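# Report on the structure
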Amino acid sequence: MKQSKLTNLNMVNNNLIIFEKFHKCFAKQFHYIRSFTCRHRRLTKAQQFAFENYWQEIGIEFQEQQLDLITLFGGTSPIILEIGFGTGNSLVKMAKDNPNHNFIGIEVYKRGIGSCLLSAKKAGITNLRLIYYDAVQVIYRMIPDNALYVLQLFFPDPWHKVRHNKRRIIQKPFIELIMKKLNLGGILHIVTDCEAYVNHIIQIMNSVHGYSYCSLNNYFINQHKTHLLTKFEQRARILNHNICTLIFERVR
Ligand SMILES: C[S@@+](CC[C@H](N)C(=O)[O-])C[C@H]1O[C@@H](n2cnc3c(N)ncnc32)[C@H](O)[C@@H]1O
């Protein structure tokens, strides 16, 4: 038993090595600059326990094949995918509050995955799966076209310095890729407190055909009036930052 738990953790670590190799090929092929830097901080004992005991049930390994989402979740409920959920508290709460939806969380912050595994298990939910990998590559390789009801990006890293702007995850090719993965009428939901990033997003969205900016009487907005507070949103509120919500619908 102990052996298989260790193998489980090793698999996750090996995955990271494959990831580094694969990333180099991908970056070359698609002129892609990744939106994060790797943070190799030690896991807490509880996070390590979560990887050893819960990853097999809740985690999905990166693969170069599309997922069969119906088999994965055992049904066809609408799928909400969140990129960069941090520690995942709001994602777990959302999954618990919405048992008729299925959730996929993608994160590259290993401690965040560990914490999210712990809270998902504590909440007793079965409608959430996690992927520990670069979301751009996961979406490109693993998510079938027309599969997502909502894609949410809450407080994506703003990469403030001008010379780092190219690292922002929201770039034209990525937004075009997301459009293919959303179903018709599907929603791209972004929240940020960085004004420069808002301008960047609007510029990119204006250059891609097929999205419509949602007005305040949109069905989705009325259904999601109380969106959940994430850790970065809490921080932004304490700092009295303006928080901007941008919601786009795939219209063709
Ligand atoms: C500023 S934090 C926001 C965390 C959380 N959404 C919140 O609002 O508290 C951005 C998160 O996105 C993750 N991230 C950045 N680029 C990513 C990528 N390409 N794939 C997956 N996660 C990514 C980072 O690891 C980080 O945890």
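Counting starts from 1 at the beginning of each chain's written sequence and moves along it residue by residue. Local features in this predicted model are restricted to residues of pLDDT 70 or higher, and side-chain atom pairs are both shown and tallied only at a pLDDT of 80 or more, whereas totals for entire chains, interfaces and linings draw on every residue. The basis for the side-chain values is all heavy atoms of the structure; hydrogens and waters are excluded.

## Re the pairing of strand β4 (residues 128-132)
- Most of β4 is tucked away, with five of its five residues classed as buried.
- With burial as the criterion, each face of β4 is covered, one bearing L128, L130 and Y132 and the other bearing R129 and I131.
- Pairing between strands is defined by DSSP: at least two bridges between the two strands are required. For the purposes of this entry, the term helix denotes a DSSP run of H or I that reaches at least four residues, the term strand denotes a run of E that reaches at least two, and both are numbered from the N terminus. Relative to β4, strand β1 (residues 59-60) is paired through two bridges, and the arrangement is parallel. The residue bridging I60 from the neighbouring strand is I131, located in β4.
- Where strand β3 (residues 102-107) and β4 come together, five bridges link them in parallel fashion. Note on β4: the bridge partner recorded for G105 is L130.
- Handedness of a crossover: with both strands directed away from the viewer, a clockwise path from the first strand across the helix to the second marks it as right-handed. Handedness of the β3-helix α5 (residues 110-123)-β4 crossover: right-handed. Note on exposure labels: buried denotes an accessible area under 20% of the residue type's maximum, exposed denotes more than 50%, and partly exposed covers the range between, all computed with a 1.4 Å probe on protein chains only.

## Comments concerning the UniProt feature "binding site: S-adenosyl-L-methionine" (unreviewed entry) in the protein chain
- UniProt positions are given in the numbering used here, feature names are shortened, and annotations may be inferred rather than shown by experiment. Per the UniProt record, "binding site: S-adenosyl-L-methionine" (unreviewed entry) is found at E82, E107, D134 and D157. Spanning 76 residues, the named residues nonetheless gather at one spot, since no C-alpha pair among them exceeds 14.0 Å. Among the annotated residues just listed, those that line the largest pocket are E82, E107, D134 and D157.
- Its place among the elements puts E82 in strand β2 (residues 79-83).
- For E82, a relative accessible area of 1% puts it in the buried group.
- Residues count as neighbours in contact if any of their non-hydrogen atoms are within 4.5 Å of one another. The contact partners of E82, leaving out residues within four places of it in the chain, are L91, I104, G105, I106, Q152 and F154.
- Assignment of secondary structure puts E107 in strand β3.
- The residues touching E107, leaving out its near neighbours within four places in the chain, are G84, F85, G86, I113, I131, Y132 and Y133. Site definitions follow a grid-based scheme: protein atoms alone, a 1 Å grid, a 1.4 Å probe that fits but cannot get out for cavities, and for pockets an open set with protein on both sides within 12 Å along at least five of seven lines, plus lining residues having an atom within 4 Å of a point.

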